[in-house]
Amino acid sequence: MTASATTTPLVIKKIEREGKEESQWRIVGRRFARHRLAMISLVIIIIIFALTLLAPVISPFSRDAVDIAVTARPGPPGTLSSAGEVHLLGVDHLGRDLLTRVLYGGRVSLTIAFIVVIFQELVGVSLGAYSGFYGGWPDGIISRIVEFLLSIPTLPILLITSSILIKTDAQLPVPAFVTNGLARFFDSTPQDANKVLVLCLILVVLGWTGAARLMRGMALTLRGQDFVESLRAMGASNGRIIFRHIIPNGIAPILVNASLGLAAIVIFESALSYLGVGVQEPTPSWGNMLASAQSYMFQAPWLPLVPGIPLVLVTVAFNFVGDGLRDALDPRLKR
Amino acid sequence: MSEATPVVAQTIPSTNGAQHGAIGDILLNVHGLQMYFPITKGIVFQRQVGAIKAVDGVDFSLMRGETLGLVGESGCGKSTTGRAILQLYRPTAGEVVFEGQDLTKMKGEDLRKMRRRMQMIFQDPYASLNPRMTVGSIIGEPLEVHNIGATKKERQERVQELLKTVNLNPYFVNRYPHEFSGGQRQRIGIARALAVNPSFIVADEPISALDVSIQAQIINLMEDLQDELGLTYLFIAHDLSVVRHISDRIAVMYLGKIVELAQRDELYEKPMHPYTQALLSAVPIPDPVIETQRQRIILEGDVPSPANPPKGCRFSTRCPRVMDRCRQDEPVFKDYGGGHFAACWLYEEGNP
């Protein structure tokens, strides 16, 4: 008797919790937060990104300023400038401050990564959803293009296209405020900023296929589901079905693909710049800094580490974030 | 197709129809409905090499407020019939006259407007609700699609009202489908179908995915809603006892055709078509004494392929009472008295 009397309040408490339910994204966020490695990685990415944004505050030197007073070129960390300031990470072979350049290089490399990933996912998702949902000959054409792009080895084709476009000084017809804004952000000329955009375009054109294939597969399975049929029965338009139902339901693998894509693009951009057909001097990027460090590697072993360490950190971190997202978005794992 | 059917079909009185409208008020008239799915060969240059005749000449009509049960084994075209009526598949041939308009000839915006009048309840309550949307937005979606309700608040109120109509707590609006049981999800599906105030609902095996204990709740809910809102149902199922409970009339399908259509009790007590007889003999009886004495008619063989149906009567390959004529001529679907339709040569004059 006494036992039953004490247990009753528990039942009442449970009913009070009506109406306030967690949205699915909050559940995903909570599950992601529990993935320790992914959270650490996210923090590292945020810190590196913040540092690159704070470049002018952190470092007193300007990006391309050559310090003639420094005789040891490349100079080791701690080298004093003519004005008596410390080059924290040393100077490169031309006597430019490495800390400043690695921070601005990070701006360039990360900006490229974000621009490319955003556009390649946008293109991939819309084409993939379209071809998967409608099927028929548009699907045939899009799928063949995807297979064609996937069948050619990426690096050689990237090398060829970018060497043609970069060496011929091709300019992308974008509004002036975009190039000017980017130029201010990179601390470079609008022409150089536009070259970065050309590189982005090349990477997008060759990189949208992954997202397209993922989204096409999702659209194919989703379009046969009863809830899509119910939308047709209620008279919903195809656009509504695609944008409100197919894409939101298929977005989980796309997010994972995007975060892994960020890492891949940072590497690709570095590889291209390292080979001399990516971001062009004097605009720094982690890739072309590695390239110029190569010749002095044996006298100045810290030189490749300056762009190398953030490069490795960022790519590994993006990969862990992708892993964490994949686990958090997996509907089979409850809570 | 048989010429006699549409004329006679309109004279069938409905038992339940009188409560909600004048007798003879026909809501839906399906005539000669055919739904063929092409079989294609080749990858780049596809050519049609045949057709799956999923529905091949179906005629019936529905009175306002009536429930027509549609039964038959898996793959006989029940669901396809339902979907072809709602124009979810565009029929290959035939007419679907709903509230005086032929749906097969309607397109685009006209058809979209008509969708407010007819809705569907699905078999699988797990697949028929978008898992990423809250219950509120699932039920509110048809309101948005058809611009019902001027403000967001009005729509929300309507959604809560609908939840109450299907006996769910109106506070559930912010929850997601995965938080509900199968029966509750099916109620959500029903609420969504009701949102646009339809007069006609195709229920495509609405209870076959549910627990037996829940099935009764859903059936009772559907009956209550019919009484309240004057709904007309096309109830597709393969559970014969459930169909007997809910239907006014019952149509039996076999391989894309209706073989028998009659008033509920008439069909169960005096089945004419050998297929119906075999089907009914398979219903278990909840009385052990009678159950042991029950004579079952066990059909031999498999259902023939709908891509290549047999000549003459489609049931002739498996019929225990098959005659020579059945293998030659297709039987006419006609009224054998009191609105009891059948397509069988056994009852023709001059046959034993």
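Whatever comes next refers back to the structure up there.
This structure is a prediction, so every number in the text was calculated from the model and none was measured.

Visitor: I'd like a rundown of the overall build of chain B, residues and numbers included.
Guide: Assigned secondary structure in chain B consists of twelve helices and twelve strands. Its C-alpha atoms give chain B a radius of gyration of 21 Å, near enough to 20 Å, the size a compact globule of 352 residues would have. C-alpha atoms of chain B, sized along the principal axes, occupy 70 × 60 × 45 Å. Expressed as a percentage of the 352 residues in chain B, the buried residues total 55%. Across chain B, the fraction of contacts at a sequence separation of at least 24, relative to all contacts at a separation of at least 6, is 64%. Here chain B displays about 15600 Å² of accessible surface, and carbon together with sulfur accounts for 50% of that area. Of the charged side chains in chain B, 38 are positive and 41 negative, and the gap between their average positions amounts to 7 Å.

Visitor: Run through the sheet that holds strand β7 (residues 200–204) of chain B, naming residues and quoting values.
Guide: All names here are of chain B. Here we have eight strands laid out as an open sheet, ordered β6-β7-β8-β3-β9-β10-β12-β11, and mixed in their pairing. The sheet is open, and its two borders are formed by β6 (118–121) and β11 (333–335), each paired with just one other strand. In this sheet, adjacent strand axes meet at a mean angle of 20° when their direction is disregarded. Across four bridges, the pairing between strand β3 (residues 67–71) and strand β9 (residues 249–254) is parallel. In the sheet register, L70 faces β9, and the bridge partner there is A251. Its contacts with the sheet put helix α7 (residues 182–194) on β6 and β7, and the angle it makes with β6 is roughly 175°. Lying on the sheet, helix α11 (residues 274–281) is in contact with β3, β9 and β10 (257–263); it crosses β9 at an angle near 105°.

Visitor: Before we move on, could you go through the interface of chain A and chain B and cite the residues and values that matter?
Guide: The partner chain B presents 31 residues to the 25 residues of chain A that form the contact. In total, chain A and chain B occlude about 2500 Å² of area from one another, counting both sides; carbon and sulfur atoms represent 48% of this. Three residues, Q24, D226 and M234 of chain A, lead the burial of chain A against chain B; their summed loss comes to 26% of the area buried on that side. Summed over the shared surface of chain A and chain B, the result is four salt bridges. Ionic pairing is found between E144 of chain B and R244 of chain A, a salt bridge with its closest N-O pair at 3.3 Å. Our count for the chain A to chain B interface comes out at 14 residue pairs in polar contact (both at pLDDT 80 or more). Going through the elements one at a time, α11 (226–233) and α12 (238–274) of chain A are the ones with two or more residues in the side of chain A that touches chain B. In terms of residue class, the side of chain A that touches chain B is made up of seven nonpolar, eight polar and ten charged.

Visitor: I'd like to hear about the environment of S295 of chain A, residue by residue, with values.
Guide: Residue and element names in this part refer to chain A. Take S295: it is sitting in the loop between α13 (286–294) and α14 (302–329). Relative accessible area serves as the criterion here: at 56%, S295 is assigned to the exposed category. Placed 202 residues apart in sequence, S295 and H93 show a C-alpha to C-alpha distance of 9.4 Å.

Visitor: Would you mind going over the pattern of salt bridges in detail, with residue names and values included?
Guide: The full count for this structure, using the stated rule, is 30 salt bridges over all chains. Across the salt bridge formed by R244 of chain B and D265 of chain B, the nearest N and O atoms sit 3.7 Å from each other. In this pair, R244 of chain B sits in helix α9 (residues 240–246) while D265 of chain B sits in helix α10 (residues 264–269), placing the two residues 21 residues apart along the sequence. Linking K257 of chain B and E330 of chain B is a salt bridge whose minimum nitrogen-to-oxygen distance equals 3.0 Å. Linking K257 of chain B in strand β10 with E330 of chain B in the loop between α12 (288–293) and β11, this pair joins segments that are 73 residues apart in sequence. Overall, the relative accessible area of 40% leaves E330 of chain B in the partly exposed class. Each of D92, R96, R101 and E281 of chain A takes part in a single network of salt bridges with overlapping partners.

Visitor: Go over the packing of helix α8 (residues 176–186) of chain A against helix α9 (residues 190–207) of chain A, please, and point to the residues and values.
Guide: Residues and elements named next belong to chain A. Packing of α8 against α9 leaves a shortest axis separation of 8 Å and a crossing angle of 100°. Taken together, the axes of α8 and α9 lie roughly perpendicular to each other. Along its contact with α8, which presents V178, T179, N180, L182, A183 and F186, the element α9 presents P190, A193, N194, V196 and L197. A breakdown of the residues in the contact of α8 with α9 according to their chemical character gives eight nonpolar, three polar and no charged.

Visitor: Just give me the short version of the packing of aromatic side chains, but keep the residues and values in it.
Guide: Throughout the structure, instances matching the rule amount to 13 aromatic pairs over all chains. Plain terms: the ring middles of F114 of chain A and F318 of chain A are 6.2 Å apart, the flat faces sit at 80° to each other, and that makes the pair edge-to-face. Here F114 of chain A is found in helix α5 (residues 98–134), whereas its partner F318 of chain A is found in helix α14, with 204 residues between them in sequence. With a centroid separation of 5.2 Å and 70° between ring planes, the pair formed by Y275 of chain B and F315 of chain B is classed as edge-to-face. Here F315 of chain B lies in the loop between α12 and β11 and Y275 of chain B lies in helix α11, a separation of 40 residues in the sequence. For the residue pair Y275 of chain B and F315 of chain B, the accessibility class agrees, reading buried in each case. Three or more aromatic residues joined by ring pairs form one cluster here, namely F49, F114 and F318 of chain A. The ring of W345 of chain B has R325 of chain B sitting right over it, with the charged end atom 3.7 Å from the ring centre.

About the thresholds
Residues numbered from 1 in each chain as written. Chains lettered and ligands numbered in written order. Predicted model: local features only at pLDDT ≥ 70, side-chain atom pairs only at ≥ 80, totals over all residues. Heavy atoms only, no water. Helix = DSSP H or I, 4+ residues; strand = E, 2+ residues; numbered from the N terminus. Rg over C-alpha atoms; globule rule 2.2 N^0.38 Å. Buried < 20%, exposed > 50% of the residue type's maximum accessible area, 1.4 Å probe, protein only. Contact = heavy atoms within 4.5 Å. Areas by Shrake-Rupley, 256 points an atom, 1.4 Å probe, with all protein chains shown as cover. Lys, Arg positive; Asp, Glu negative; His and termini not counted. Charge placed at Lys NZ, Arg CZ, Asp CG, Glu CD. Pairing = 2+ DSSP bridges. Axes fitted to C-alpha atoms, helices over the stretch in contact; angles between N-to-C directions. Buried area = accessible area lost by both parts, 1.4 Å probe. Salt bridge = Lys/Arg side-chain N within 4 Å of Asp/Glu carboxyl O. Polar contact = N/O pair within 3.5 Å; in protein donor to acceptor, adjacent residues only side chain to side chain. Nonpolar A, V, L, I, M, F, W, Y, C, P; charged D, E, K, R; others polar. Parallel < 35°, antiparallel > 145°, perpendicular 65-115°, else oblique. Phe/Tyr/Trp six-rings, centres within 6.5 Å; stacked < 30°, edge-to-face > 60°. Lys NZ or Arg CZ within 6 Å of the ring centre and 35° of its normal.

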